[in-house]
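Observations on the model geometry
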Amino acid sequence: MNDQSLAPPLLRSTADGVALLQLNRPRQYNALSADLLDALHAELDALASDEAVRVVIITGSGNAFCAGHDLKEMRGLGSRADVERLFARCSQVMRKLVALPQPVIAVVNGLATAAGCQLVAQCDLAVAAANARFAASGVNLGLFCSTPAVAISRNLGRKRAAEMLFTGEFIDAETALDWGLVNRVAPAEQAMEVARELAHNLKGKPREVLALGKALFYRQLEQGLATAYDDASRTIAANMDTDLAREGVDAFFDKRSPRWKD
C-alpha cells in the first residue's frame, strides 16, 4: 500500500538510551496536524516516565523538518474557539518539551518555518544540516507568528528575534548558529551523527542531575534575579547532599572517572 495517509504521523524508535521521534508527514513538509500533535503528546507523556531513555532526538521525514501548522486543516476549522484550541494544544506540546526530564535535541534536516521554527527553538539543543533554512514566515500570510515568538524570543537577542518575526525572511543554518537558534551545523549527511555524538556526551552525565539542572535552568529564566539565586542556592545545596555529587567530588580528588549508577 503506497497511501501515505495510512502512515503514522509520528515514528518512534529507541536504541542505547536515545529515543528518536520522527515527524512523518513528508508530503506536507511535516506540518503539525491535529493527529501529529496528539501523537507528540502521547509520546512525550510516555517518555517523561521512561527512565531507560536518557536523551530524546526530534527530526523530520523527507526534506523538511517542519513547516509549521497545517494551514489547510487550520483553515477548515469551524470557529475561532476551534483554532484557539489547536494553538493551545501545540503550546502544551512546547511546554511538555521543557518539562521533560531528558534533554531534547532537534535535528533540523531541512525547512523549519513558523511553528516548525518554534519547535527548534523550544528543544533544549539543536543540530542543523548545512542546507537547513529557518523562518517565522507567518507575517507574509497576514498571520503573525505569535506562538513561535514565545520560543524564538527566548533563544535570540531581541533585535534578531524581531527581525525574524517582523520580516518573515529566511535565515540559513550558519546564521541560525550565529544568532543562537542552533548549537551546531553539520553537512546534511552527518547531522544525525553529530546529534548522536552530542547525545552520547549527555548520556555520560548522571540522569538525575541533568533532570534537576534542566528544571532549574528553565525555572530561573522566568524569575527575578534574587528569586533565581535563592532557587539556585537551594537546588545546588540539595544536589550536593546526594550520593551522586559525593561520588563525583570524590572521583575528582582521587583523579579517576566517577562511577555513576544507571
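In the block above lies the structure referred to throughout.
First, a word on scope: everything that follows refers to the structure included in this document. (Residues numbered from 1 in each chain as written. Predicted model: local features only at pLDDT ≥ 70, side-chain atom pairs only at ≥ 80, totals over all residues. Heavy atoms only, no water.)

Our focus in this paragraph is the sheet that holds strand E1 (residues 10-15). Strand-to-strand pairing in sheets goes through backbone hydrogen bonds, with the strands running parallel or antiparallel. Read from one edge of the open sheet, 6 strands run E1-E2-E3-E5-E7-E10, paired in mixed fashion. Bordering the open sheet on either side are E1 and strand E10 (184-186), each of which pairs with just one other strand. The mean inter-strand angle of the sheet, taken between neighbouring strand axes irrespective of direction, is 20°. Relative to strand E3 (residues 55-60), strand E2 (residues 18-23) is paired through 6 bridges, and the arrangement is parallel. Within E3, the position partnered with Ala19 by the bridge is Val56. (Pairing = 2+ DSSP bridges. Helix = DSSP H or I, 4+ residues; strand = E, 2+ residues; numbered from the N terminus. Axes fitted to C-alpha atoms, helices over the stretch in contact; angles between N-to-C directions.)

Looking now at the nonpolar core. Ile58, Phe65, Val108, Val120, Phe134 and Leu181 are the most contacted members of the largest nonpolar core, which totals 53 residues. Aside from chain neighbours lying at most four places away, what touches Ile58 is Leu21, Phe65, Leu97, Val104, Ile105, Ala106, Val107, Leu119 and Cys123. Counting residues in each nonpolar core, the second largest holds 15 residues, with Val127, Ala186, Leu198 and Leu202 among its members. (Core = buried A, V, L, I, M, F, W, Y, C linked by side-chain atoms within 4.5 Å. Buried < 20%, exposed > 50% of the residue type's maximum accessible area, 1.4 Å probe, protein only. Contact = heavy atoms within 4.5 Å.)

A separate point is the pattern of salt bridges. In total, this model carries 16 salt bridges according to the counting rule given. Note that Asp38 is salt-bridged to Arg89, the shortest N-O span being 3.2 Å. Of this pair, Asp38 sits in helix H1 (residues 34-48) while Arg89 is found in helix H3 (residues 80-99), placing the two residues 51 residues apart along the sequence. Classification of Asp38 by relative accessible area gives partly exposed; the value is 37%. Taking the shortest distance from any N to any O, the salt bridge between Arg256 and Asp254 comes out at 3.4 Å. Taken together, the shared-partner salt bridges connect Arg12, Glu43 and Asp50 into one network. (Salt bridge = Lys/Arg side-chain N within 4 Å of Asp/Glu carboxyl O.)

Here the focus is the sheet that holds strand E8 (residues 133-135). Ordered in space as E4-E6-E8-E9, the 4 strands form an open sheet in which the pairing is mixed. Strands at the two margins of the open sheet, each flanked by one partner only, are strand E4 (64-66) and strand E9 (171-172). Note that strand E6 (residues 111-113) and E8 share 3 bridges and pair parallel. Among the inter-strand pairings, Thr113 is bridged to a residue of E8, identified as Ala135. Of the strands in this sheet, E4, E6 and E8 are in contact with helix H4 (residues 115-122), which crosses E6 at around 95°.

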